[in-house]
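# Observations on the model geometry
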Amino acid sequence: MNAGLPILRLGDILLSGLMSDLDDKTALAFTDELTTRIADEGIRGVIIDISRLEIVDSFVARVLMQLAGTGRLLGTRMIVAGMRPAVALTLTELGLQLTGVRTALNAEQAMELLGWRRPAEAAEEAPHAS
Amino acid sequence: MLGTDDSQVRTVLARVLEEDRTALAHDWAGPETGDGGSPQLRREAVELVEALRQALTGTLPVSRIVEQDPAVRDALTSLSERRARAGAQPSATAMAILALKRTMLGAIERHTEDSALRYRAALLVNELLDSAGVLTFEVYSTGRERIIREQHSQMLELSTPVVRLWRHVLAVPLIGTLDSARSQVVMNSLLESIQANEARVAIIDITGVPTVDTAVAHHLLQTVSAVRLMGAECVISGIRPSIAQTITQLGIDLSHIVTRGSLADALATAMQLLGDSGRPGAVSG
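Residues numbered from 1 in each chain as written. Chains lettered and ligands numbered in written order. Predicted model: local features only at pLDDT ≥ 70, side-chain atom pairs only at ≥ 80, totals over all residues.

In this structure, I194(B), A202(B) and M230(B) are the most contacted members of the largest nonpolar core, which totals 67 residues. In terms of residues, this core owes the most to one element, helix 9 (residues 214-229) of chain B, which gives six residues. Each residue touching M230(B), except ones within four places of it in the same chain, is listed here: M83(A), P85(A), A88(A), T103(A), L105(A), L191(B) and I194(B). Residues A51(B), L52(B), V62(B) and Y140(B) belong to the second largest nonpolar core, which totals 38 residues. (Core = buried A, V, L, I, M, F, W, Y, C linked by C-beta atoms within 7 Å. Buried ≥ 20, exposed ≤ 12 C-beta atoms within 10 Å, placed from the backbone. Helix = DSSP H or I, 4+ residues; strand = E, 2+ residues; numbered from the N terminus. Contact = placed C-beta atoms within 7 Å.)

Here it is, written out as structure tokens:
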């Protein structure tokens, strides 16, 4: 049941990334592992970084949409982060709009969307007023 | 028309060109081409006459000399290109090439008394120089088309700047008609800039777009969804009242897209969106 993809846990957030050549079996194992952990560990948010993917085909797109749907049923927000411009263009041309999937520019912004803030940032805001 | 292609005529013609080469080039380059016979032009004329002579002594049939002989082709191409750059009309260039006929016929007359031979030589000259004239015209129009294509691609790059309005806010002021080639360029540069600037909001300003039809709207929708896939929000601004009416009349559904009347309103909206995304500090930055 191990997909071979790293899944990191940061508080109540799971952070993972997809590598290229994602096949059927890996995708299923990954979905399985992720959902189990969401349910077991009371996860509130999931971030999947796809900045290493140079090609997202309809299969990967469907996997992502299904993951988002499953996550929503379990009360989790799922965010897909780091899509490359070329990938976004191709997906739009194919008419795959990843309905129901929240996107973020990179993993950092995805963390912010889930309510995380860098300590430095809070300090940085105050001097800006001067 | 194999009748014009016998070796006797070709030999005679080649001899005429050989012996009267300079005279021919001089006669022709002087008055006929109408630009005073510059040394440049005379050299080109000599080149062309020489290339024609060599082609005639070769084995290529007359009907294919202009098309396939590299030297003749080069001479004609450079002549046509130079005249085009000098601002000559393509018809004038073609006429100049055709004027070479008269010069050549005159030379043939001086060379032979045999009228049958003269007639066949005239036919051959005709065939040869007609296709040469056509080639100069073709070169001219290909050159023009290349210039048009280059300018078109330059225009594409010029007309789609992506500007940074605020921290994490980008804007694309679109000017002119939005066709699929342009929207592709816009999308590309916008998405690249979103990644480079870590933008959260992209504003597409269509104040300069004269009309919005279903095709343009389709391109806009595509851009918006690509921007969303990148994880940024997209606001469309600069929708004039007449365009808003057209969009409604065409029944185009833009309801899931944030639209604003002016760029200023769009910027205000962008600030709100930035505030919502959990970074109120960004607004003051």
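After that view of the structure, there is still more to cover.
In a regular helix each residue adds 1.5 Å, so 16 residues correspond to 22 Å; helix 9 of chain B covers 22 Å between its end C-alpha atoms and thus fits that length. Residues of helix 9 of chain B that are buried include every one of V216(B), H219(B), L220(B), T223(B), V224(B), S225(B), A226(B), V227(B), R228(B) and L229(B), and no others. Buried residues in helix 9 of chain B make contact with helix 3 (85-94) and strand 5 (102-104) of chain A together with helix 8 (180-197), strand 3 (201-208) and strand 4 (233-237) of chain B. Just beyond helix 9 of chain B, the residue with positive phi is G231(B), at close to 95 degrees. (Expected span 1.5 Å × (residues − 1).)

Okay, the sheet that holds strand 4 of chain B next. All names here are of chain B. Read across the open sheet, the five strands follow the order 1-2-3-4-5; overall the sheet is mixed. In the strand order of this sheet, the two ends are held by strand 1 (163-166) and strand 5 (258-259), each with one partner. Of the pairings in the sheet, the one linking strand 2 (residues 169-175) to strand 3 comprises six bridges and is parallel in character. Bridge pairing links V169 to V201 in strand 3. Strand contacts of helix 8: strand 1, strand 2 and strand 3, with the helix running at about 165 degrees to strand 2, the strand carrying the most contacts. (Pairing = 2+ DSSP bridges. Axes fitted to C-alpha atoms, helices over the stretch in contact; angles between N-to-C directions.)

As far as function goes, none of this settles anything; it's purely spatial.
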